[in-house]
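# Observations on the three-dimensional arrangement
One letter stands for each residue in the lines below.
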Amino acid sequence: MNRSTELFQRDADAVSDVMKLRFYPMVAKAAGGALIRDVDGREYLDFSAGWGVANTGYGHPRIVDAVCKEMNRLSFSPTISVLNEESIELAERLRGMIPGDFEKAVWYGHSGSDANEFLYKMIPAATGRSRIVSFVGSYHGQTMGSYSMSGHPAQGKFTGGGNVTKIPYPYCYRCPFERDRETCGLFCLKYVEDFVFDSQVSPNQVGALVAEAVQCDGGDVVPPDGYLQGLERLCRKYGILFVLDEVKIGFGRTGKMFGFENWDVTPDAVVMAKPMGSGQPISAVTGRKELMNAGVGMHMFTTAGNPVACAASLATIEVIEEEKLAENAEIQGEYLLDRLRELQAGCPAIGDVRGKGLVIGVELVEDTETKKPASELAALVVYRCYELGLLLYDSGISANVIELTPPLIITKQQCDRAVEVLRQAIEDALTGRIVREDLGDFAGWG
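Residues numbered from 1 in each chain as written. Predicted model: local features only at pLDDT ≥ 70, side-chain atom pairs only at ≥ 80, totals over all residues. Heavy atoms only, no water.

Side chains of strand 15 (residues 401-404) alternate between two faces, with Val401 and Glu403 and Ile402 and Leu404 buried alike. As paired elements, strand 12 (residues 359-364) and strand 15 share four bridges and run antiparallel to each other. Bridge pairing in strand 15 places valine 362 opposite isoleucine 402. In this structure, strand 14 (residues 393-395) lies alongside strand 15, joined through three bridges in antiparallel fashion. In the sheet register, tyrosine 393 faces strand 15, and the bridge partner there is glutamate 403. (Buried < 20%, exposed > 50% of the residue type's maximum accessible area, 1.4 Å probe, protein only. Helix = DSSP H or I, 4+ residues; strand = E, 2+ residues; numbered from the N terminus. Pairing = 2+ DSSP bridges.)

What follows is the structure, given as structure tokens:
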């Protein structure tokens, strides 16, 4: 028995299934840059960045140094009651990174879930309006409020809050209105005002509209140009807060520090989490003071905003800016998209390739005419990529989109290697060299 098998058996006995989403029998031992080594000594190229957490790569020396120094200096203080300088400095940095000629404040948590939970609680308190509008396919978190705002089918096992109205995201490859993206005139945007606000929920009841600038777990869907700008105009017209969830795509991934910067909009609040601490658990909401200060002690966590996580986040921002990682994400993302579209041209199983910077989706289909989602094929491809030394996951409302979100330090040579492994994995899956039975319990969302 190898070490990985032994540890998986122990994990199955000791760790709750409720926190598991497993795609392959990977047990990490060490990592550096974009590479991970497992407990059996095998090395992998990570094109997931740990679900978008490791934007600066694994073990960046400047971030390791910042964490170690802070741990030695001040390992902890409860920011809710005892100040530390790092949390204040980070809040000041975050306020300066978000556009808008209005006063801002910062709330701290540990994950995207508790950050979006903040919104679910505080939007009605701040606005006096009970309703929130979010999107089909969105994934905002696992706490009940963030869960309620989400529209991902994987989160349909519980009943969420009844005060959330979900509208279609502009998923042009699978337009729910069956319109052509070149001629529709952003019909999905007109639908919000002409139908949703007319017959589903009155805009004067809506406190906020919460959107992902790129919808990641919904299938790495990039909105068409003009859509986010149109949403912002609607929000301004009806006095609705315009809130953007940047939990996964923030901190350089799209070629800008934040994804919404690609479309020149000014949100009233921005949610950030996964990559902001390079692996240290930290999240934040940065927004208008009237939202952020709508109550005292209403959503607080003892270890949130702790000095070690804040030091890691400050170092992360410095590394991204000084090493121009957002610029590298744009360059490598364009190259990777070109390579994947070359692969698509010779592979009928690839229905669509889309992305912005280094958040890229490869949508697999059973037939390019019907676009029937190839969910099982996606699971096979992800598992086969693991066997061939490449780590990634599938996403999408039908779990048929191969998601590529590598660390922002990725190189052209590593992109080439990833595309070659993906090509081989799709070929192996289509020709029956790997079948569903080979996966065992490692089918991810399936």
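Still to come is the rest of the account.
Following the sequence through the fold, methionine 257 ends up in the loop between strand 8 (241-245) and strand 9 (269-272). In this structure methionine 257 touches Met97, Gly250, Phe251, Gly252, Ile320 and Glu321, once residues within four positions along its chain are discounted. (Contact = heavy atoms within 4.5 Å.)

In this structure, Leu94, Tyr108, Phe251, Leu340, Leu364, Val381 and Ile402 are the most contacted members of the largest nonpolar core, which totals 119 residues. Sequence-distant contacts of valine 381, that is, excluding residues within four places in its chain, are made with Leu364, Ile402, Leu422, Ala425, Ile426 and Ala429. (Core = buried A, V, L, I, M, F, W, Y, C linked by side-chain atoms within 4.5 Å.)

For the rest of this paragraph, the subject is the environment of valine 319. Mapping valine 319 onto the fold places it in helix 10 (residues 307-322). Separated by 240 residues in the primary sequence, valine 319 and threonine 79 have C-alpha atoms spaced 25 Å apart. Leave out the neighbours within four places in its chain, and valine 319 touches Thr56, His60, Arg62, Ile63, Lys324 and Leu325.

What follows is about the side chain of threonine 165. Take threonine 165: it is sitting in strand 6 (residues 164-167). Residues contacting threonine 165, with those up to four places away along its chain left out, are Arg131, Ile132, Val133, Ser134, Val196, Gln200 and Val201.

Pairing is mixed across the open sheet formed by seven strands, whose spatial order is 4-10-9-8-7-5-6. Because the sheet does not close on itself, it has two edges, and the strands there are strand 4 (104-109) and strand 6. With direction set aside, neighbouring strand axes in the sheet form an average angle of 20 degrees. With six bridges connecting them, strand 4 and strand 10 (residues 283-288) associate as antiparallel partners. Considered in strand 10, the bridge of valine 106 is made with threonine 286. Across the sheet, helix 5 (residues 112-127) touches strand 4, strand 5 (131-135), strand 6, strand 7 (206-212), strand 8, strand 9 and strand 10, and the angle it forms with strand 10 is around 25 degrees. The sheet strands contacting helix 8 (residues 227-238) are strand 5, strand 7 and strand 8, and the helix crosses strand 8 at an angle near 145 degrees. (Axes fitted to C-alpha atoms, helices over the stretch in contact; angles between N-to-C directions.)

Attention now goes to the pattern of salt bridges. Applying the stated criterion across every chain, the model contains 30 salt bridges. With a closest N to O distance of 3.0 Å, aspartate 11 and arginine 22 form a salt bridge. Separated by eleven residues along the polypeptide, aspartate 11 in helix 1 (residues 3-14) and arginine 22 in the loop between helix 1 and strand 1 (28-32) bring together distant segments of the chain. Residue aspartate 11 is classed as buried on the basis of its relative accessible area, which comes to 17%. Linking arginine 174 and glutamate 363 is a salt bridge whose minimum nitrogen-to-oxygen distance equals 2.5 Å. With arginine 174 in the loop between strand 6 and helix 7 (187-200) and glutamate 363 in strand 12, this pair connects stretches of sequence that are 189 residues apart. (Salt bridge = Lys/Arg side-chain N within 4 Å of Asp/Glu carboxyl O.)

Functional significance is not addressed by these values, which are geometric in nature.
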